[in-house]
Amino acid sequence: MSPLEHSTSINFLLTPQNILDFLKKIFNEQALQNPSLIFIFLGIIVLVFCSSFFSASETAFSTVNVMRLRTYAQEKRRGARKALWVAENYERTVTTILVGNNFVNILATTLAGTAFTIVFLNPTVANAASTIIMTLTVLTFGEILPKCLAKANAEKFTLLTSGILYFLIKLLTPIVWIFIGIKKIFIKNKEDEEPTVTEQELESIIDTMEEEGVIDKDDASLIQSVLDIGERTVNDIMIPRVDFVAIENTDSIEEIKKTFLEYKFSRLPVYKEDKDHIIGVLSDKDFFAALFETPNRVNIKKLIKTPLYVSETMKVDDLIRKMQKAKKHLAIVSDEYGGTSGIVTMEDALEELVGEIYDEHDDTEVEKDIEELGENKYKIVADVMLDDLYENLNLGETPDTNYPTLGGYLYAMFEHIPVVGDKYTADATIFTDQDSDTLLEERYFTLEYTILSVVERRIISVLLEVKEKTEEDKTTDNSNEDEKSITE
């Protein structure tokens, strides 16, 4: 066949008359005269609208802030009480929604099949058209659009539709309880075993509120401190035995006076023979009042107060309550052998909540715990808390150790008395997200600690260098791990 003949045959096939003849073969010309067809299509529109209502309700009540609904209910906002009830009884709610949604979707599909059977003469064409058109219609107008709108306006939607859904839940209660009973046969209810919100989730909520500007940085830090204080122990915040100032019961009045004036402490522990035998606590007010009234007859034994002893492992929040009950501002920390580990004050405990507290006698020009010297290079005071170090520098998960401070951690890792210049290397894995379209990226770093200062066998300051691992370093690490596993 020549190209001219081929073109002529195509034009013949696509003529308006041929297209019209084809449509007459598949369409029923009398269908448009059937009055029931209009009612069927109106019924389909109503059912798709009902489907969109159920889909939107499922999304809205699953994402709405229940705490905010409770606040609205207390403020007596219209629809808030029913919305709160529906949200808190979500198992009954979602079962009702699924029953209703499946019913209207199946009924809409059935009506569509009937309508297209009337419109199309060929049953195969009718079924295909019904399937394609109803799938697109239900997905677009019964699922995707209503769910997206409901998620964006969850609170408004729940308040607006809570009355309708509340009525449907009550109406369909017998059917709903049947499905809930079937569910309980196959699925064990774990609601009583697991908390609604974990501490980690609460911390994430606080971080999100800070990022969105709902609360400022100081408020977020305060809330975070309240959560963390239950995990901190007295051992984490106490002043060690080697650092705290005390007076001996045999010291002269002039020596005690000199100690108070030199260190400007409001209270000093009093010991007998050594610091393991603390016999009381002397207040500067009591001492100087007695010194002013009777300069030559000050009796220290009558002025000292009975000390409060606490354990190293006591939680900081329990410490605050105990010191409040005992009306004490200073406590002696005892170790497992009955000796003195250190002392702790009410100020030390409160600083875990609000940060450093300074008075007119404190030196505010203290050395920074973490000082940045250059890119990924830091000078760190060894007394800094290990958790705070890893959180502030975003170094990933804190190492599993029994020592709360960086100095204690490094002391344990060296396994010998550290000296200036000693180095210790640790690995760190950090997860970062560049934007919302990418997955979390796993990055590997080497943390190199170098001892900068040691005083009387105690680590004072450390240099930290954070180095990102190259692909070659990762390959070397993997090969070393393989060799180690083969050797074992």
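Everything in this summary refers to the structure shown in the same document. (Residues numbered from 1 in each chain as written. Predicted model: local features only at pLDDT ≥ 70, side-chain atom pairs only at ≥ 80, totals over all residues. Heavy atoms only, no water.)

### Quick notes on the overall build of the protein
Piece 1. Counting its regular elements, the protein contains 20 helices and 12 strands.
Piece 2. When contacts within the protein are restricted to residue pairs at least 6 apart in sequence, those whose partners lie at least 24 apart make up 56%.
Piece 3. By element, 56% of the accessible surface of the protein is carried by carbon and sulfur atoms, the whole surface being about 31900 Å². (Helix = DSSP H or I, 4+ residues; strand = E, 2+ residues; numbered from the N terminus. Contact = heavy atoms within 4.5 Å. Areas by Shrake-Rupley, 256 points an atom, 1.4 Å probe, with all protein chains shown as cover.)

### Some words on the sheet that holds strand β2 (residues 247-248)
Piece 1. Across the sheet, three strands lie side by side as β2-β3-β4; this open sheet has mixed pairing. Each end of this open sheet is capped by a strand with a single partner; those strands are β2 and β4 (274-283). (Pairing = 2+ DSSP bridges.)

### A look at the packing of helix α11 (residues 217-228) against helix α17 (residues 346-354)
Piece 1. With their axes 7 Å apart at the nearest point, α11 and α17 run at an angle of 130° to one another. Comparing their axes, α17 and α11 come out oblique. Of the residues in α17, those touching α11 at Leu222, Ser225 and Val226 are Glu352, Leu353 and Val354.
Piece 2. Within the contact of α11 with α17, the residues separate by chemical class into four nonpolar, one polar and one charged. (Axes fitted to C-alpha atoms, helices over the stretch in contact; angles between N-to-C directions. Parallel < 35°, antiparallel > 145°, perpendicular 65-115°, else oblique. Nonpolar A, V, L, I, M, F, W, Y, C, P; charged D, E, K, R; others polar.)

### Some details on the packing of aromatic side chains
Piece 1. One pass over the structure, following the stated rule, counts 10 aromatic pairs.
Piece 2. Ring geometry for tyrosine 263 and phenylalanine 265: centres 6.0 Å apart, planes at 5°, overall stacked.
Piece 3. Take tyrosine 263: its relative accessible area is 39%, and that puts it in the partly exposed class.
Piece 4. Given the relative accessible area of 39%, phenylalanine 265 is considered partly exposed.
Piece 5. Measuring from centroid to centroid gives 6.4 Å for phenylalanine 414 and tyrosine 424, while their planes differ by 75°, and the two rings are edge-to-face. Linking phenylalanine 414 in helix α19 (residues 406-414) with tyrosine 424 in strand β10 (residues 423-432), this pair joins segments that are 10 residues apart in sequence.
Piece 6. With a relative accessible area of 10%, phenylalanine 414 lands in the buried category.
Piece 7. Put simply, the rings of Phe53, Phe54 and Phe157 touch in pairs and so form one group of aromatic residues.
Piece 8. Here the guanidinium or amino end of arginine 77 rests over the ring plane of tyrosine 72, the centre of that ring lying 4.0 Å away.
Piece 9. Positioned over the ring face of phenylalanine 244 is lysine 275, at 4.3 Å from the centre of the ring. (Phe/Tyr/Trp six-rings, centres within 6.5 Å; stacked < 30°, edge-to-face > 60°. Buried < 20%, exposed > 50% of the residue type's maximum accessible area, 1.4 Å probe, protein only. Lys NZ or Arg CZ within 6 Å of the ring centre and 35° of its normal.)

### Some details on the pairing of strand β6 (residues 330-334)
Piece 1. Within β6, five of the five residues are buried, leaving the element largely enclosed by the surrounding structure.
Piece 2. Going residue by residue along β6, you find Leu330, Ile332 and Ser334 tucked away on one face and Ala331 and Val333 tucked away on the opposite face as well.
Piece 3. Here four bridges tie strand β5 (residues 308-311) to β6, and the two strands are oriented parallel to one another. Residue pairing for β6: tyrosine 309 is matched across the bridge by isoleucine 332.
Piece 4. In the classification by handedness, the crossover that spans β5, the intervening helix α16 (residues 316-326) and the parallel β6 is right-handed.
Piece 5. With five bridges joining them, β6 and strand β7 (residues 340-345) adopt antiparallel strand pairing. When the sheet's bridge partners are listed, leucine 330 is paired in β7 with threonine 345. (Right-handed = clockwise from strand over helix to strand, strands pointing away.)

### Quick notes on the environment of tyrosine 411
Piece 1. As for its placement among the helices and strands, tyrosine 411 is situated in helix α19.
Piece 2. Residue class for tyrosine 411 comes out partly exposed when judged on its relative accessible area of 31%.
Piece 3. Expressed as a C-alpha distance, the spacing of tyrosine 411 and arginine 458, which sit 47 residues apart in the sequence, is 8.7 Å.
Piece 4. Those residues within four positions of tyrosine 411 in sequence are excluded, and the remaining contacts are Ile417, Pro418, Arg457 and Ile459.
Piece 5. Polar contacts involving the side chain of tyrosine 411 include one to the main-chain carbonyl oxygen of arginine 457, which spans 3.1 Å. (Polar contact = N/O pair within 3.5 Å; in protein donor to acceptor, adjacent residues only side chain to side chain.)

### Focus: the packing of helix α6 (residues 90-119) against helix α8 (residues 154-171)
Piece 1. Contact geometry of α6 with α8 gives a least axis separation of 10 Å together with a crossing angle of 85°. Looking at the two axes, α6 sits roughly perpendicular to α8. Residues Arg92, Thr93, Thr96 and Ile97 of α6 form the contact with α8, whose participating residues are Leu165, Leu168 and Ile169.

### Some words on helix α9 (residues 173-186)
Piece 1. Relative to the 20 Å expected for 14 residues at 1.5 Å per residue, α9 spans 20 Å between its end C-alpha atoms, a close match to the ideal helical length.
Piece 2. Where α9 is concerned, the buried positions are Thr173, Val176 and Ile180. Here the buried residues of α9 occupy an arc of 60° about the axis, which is enough to place them on one side. The exposed residues of α9 that point more than 90 degrees off its buried face are Pro174, Ile178, Ile185 and Phe186.
Piece 3. On its buried face, α9 is in contact with α6 and α8. (Expected span 1.5 Å × (residues − 1). Arc of directions from axis to C-beta.)

### Some details on the sheet that holds β7
Piece 1. Spatial strand order, β1-β7-β6-β5: four strands in an open sheet with mixed pairing. On the outer flanks of this sheet lie β1 (239-240) and β5, each paired with one strand and no other.
Piece 2. Contacts between α17 and the sheet are confined to β1 and β7, with β7 contributing the most and set at about 65° to the helix.

### A few points about the nonpolar core
Piece 1. Leu69 and Leu165 are the most contacted members of the largest nonpolar core, which has 34 residues in total.
Piece 2. Of all elements in the fold, only α3 (35-63), α4 (66-74), α5 (80-88), α6, α7 (123-152) and α8 reach the threshold of two or more residues within this core.
Piece 3. Considering every element that reaches this core, the biggest residue donor is α3, with eight residues.
Piece 4. Residue contacts for leucine 165: discarding those within four places in its chain leaves Phe53, Ser57, Phe61, Val86, Thr93 and Ile97. (Core = buried A, V, L, I, M, F, W, Y, C linked by side-chain atoms within 4.5 Å.)

### Regarding a nonpolar patch on the surface
Piece 1. A surface patch of nonpolar side chains, about 760 Å² in accessible area, is lined by Ile175, Ile178, Phe179, Ile182, Ile185, Phe186 and Ile187.
Piece 2. A relative accessible area of 41% means that isoleucine 182 is categorised as partly exposed. (Patch = residues over 30% accessible without salt bridge, like charges linked within 9 Å, V, L, I, M, F, W, Y side chains within 5 Å. Salt bridge = Lys/Arg side-chain N within 4 Å of Asp/Glu carboxyl O.)

### Let's talk about a negative patch on the surface
Piece 1. Together, Glu199, Asp207, Glu210, Glu211, Glu212, Asp216, Asp218, Asp219, Glu231, Asp387 and Glu391 line one region of the surface with negative charge.
Piece 2. Among the elements of the structure, α10 (199-211), α11 and α18 (386-392) are those that each provide at least two residues to the negative patch.
Piece 3. Examining the composition of the negative patch, we find that four residues originate from one element, α10, more than from any other.
Piece 4. Its location among the elements puts aspartate 387 in helix α18. (Lys, Arg positive; Asp, Glu negative; His and termini not counted. Charge placed at Lys NZ, Arg CZ, Asp CG, Glu CD.)

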